[in-house]
Amino acid sequence: MNLSEQKKVKKMMLEVSIRAGRKLLTFQKKVSNIKVNRKIAQGVFTEADVESEKIICNEIKKSYPNHLILAEEAAYSQLEDSSDGYKRFNDIEYCWIID
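What you see is a predicted model, and the numbers here were worked out from it, not measured in a lab. (Residues numbered from 1 in each chain as written. Predicted model: local features only at pLDDT ≥ 70, side-chain atom pairs only at ≥ 80, totals over all residues. Heavy atoms only, no water.)

A. Structural context of the nonpolar core. M12, M13, I56, I60, I69, W96 and I98 are the most contacted members of the largest nonpolar core, which has 15 residues in total. Elements supplying a minimum of two residues to this core: α1 (3-28), α2 (47-63), β3 (68-71) and β4 (95-98). Ranked by residues supplied to this core, first place goes to α1 with five residues. If we skip the residues at most four places from it in the chain, M12 touches E59, I60, S63, Y64 and W96. (Core = buried A, V, L, I, M, F, W, Y, C linked by side-chain atoms within 4.5 Å. Buried < 20%, exposed > 50% of the residue type's maximum accessible area, 1.4 Å probe, protein only. Helix = DSSP H or I, 4+ residues; strand = E, 2+ residues; numbered from the N terminus. Contact = heavy atoms within 4.5 Å.)

In structure tokens form, the structure reads like this:
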């Protein structure tokens, strides 16, 4: 990835991070209504976590459809507990890790 492309990626991620942060703030304003769910062996997650992650992942998919994404909240439901599911990440050029 050349310097121009790196700058484009950085700009896109700064913009999407702000949008995801704004979404998180909307949930914080109504903290008593936040639904908390449990992940197997991974703790808890909220609707706010899922919604902000969707914003980030959707923008990456739109901008870079050939890149893979490994996102914290979606990973278990997509890959479950199978190490085979993670093997597709071994030989790819670009993978976004979203935590």
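We are not done yet, so read on.
B. Expanded view of the environment of G85. Within the secondary structure, G85 sits in helix α4 (residues 83-86). With ten residues separating them in the primary sequence, G85 and A75 have C-alpha atoms 9.6 Å apart.

C. Molecular detail of α2. Helix length check: α2, at 17 residues, gives a terminal C-alpha distance of 24 Å against a target of 24 Å (1.5 Å per residue), a fit within 8%. Buried residues of α2: A48, S52, E53, I55, I56, C57, E59 and I60, and no others. (Expected span 1.5 Å × (residues − 1).)

D. Representation of the environment of M13 within the structure. Structurally, M13 is set in helix α1. Of the residues examined, M13 reaches a relative accessible area of 16% and is grouped as buried. Put simply, M13 and E59 are 46 residues apart on the chain and 8.6 Å apart in space, counted from C-alpha to C-alpha. If we ignore the near neighbours within four places in the chain, the residues touching M13 are I56, I60 and W96.

E. A look at the packing of α1 against α2. Two elements in contact, α1 and α2, have axes separated by 9 Å at closest approach and are oriented at 160°. As the angle between them shows, α1 and α2 are arranged roughly antiparallel. Our pair here, α1 against α2, has a crossing hand that is right-handed. Residues M12, M13, V16, R19, A20, K23, L24 and F27 of α1 touch α2, and the partners they reach there are E47, A48, D49, E51, S52, I55, I56, E59, I60 and S63. Broken down by class, the residue content of the contact of α1 with α2 amounts to ten nonpolar, two polar and six charged. (Axes fitted to C-alpha atoms, helices over the stretch in contact; angles between N-to-C directions. Parallel < 35°, antiparallel > 145°, perpendicular 65-115°, else oblique. Left-handed = near helix turned anticlockwise from the far one by under 90°. Nonpolar A, V, L, I, M, F, W, Y, C, P; charged D, E, K, R; others polar.)

F. Structural detail: the side chain of H67. Along the polypeptide, H67 turns up in the loop between α2 and β3. Judged by relative accessible area, H67 falls into the buried class, the value being 14%. Only 2.9 Å separates the side chain of H67 from the side chain of W96, close enough to count as a polar contact. Residues in contact with H67, not counting those within four places in the same chain, are Y94 and W96. (Polar contact = N/O pair within 3.5 Å; in protein donor to acceptor, adjacent residues only side chain to side chain.)

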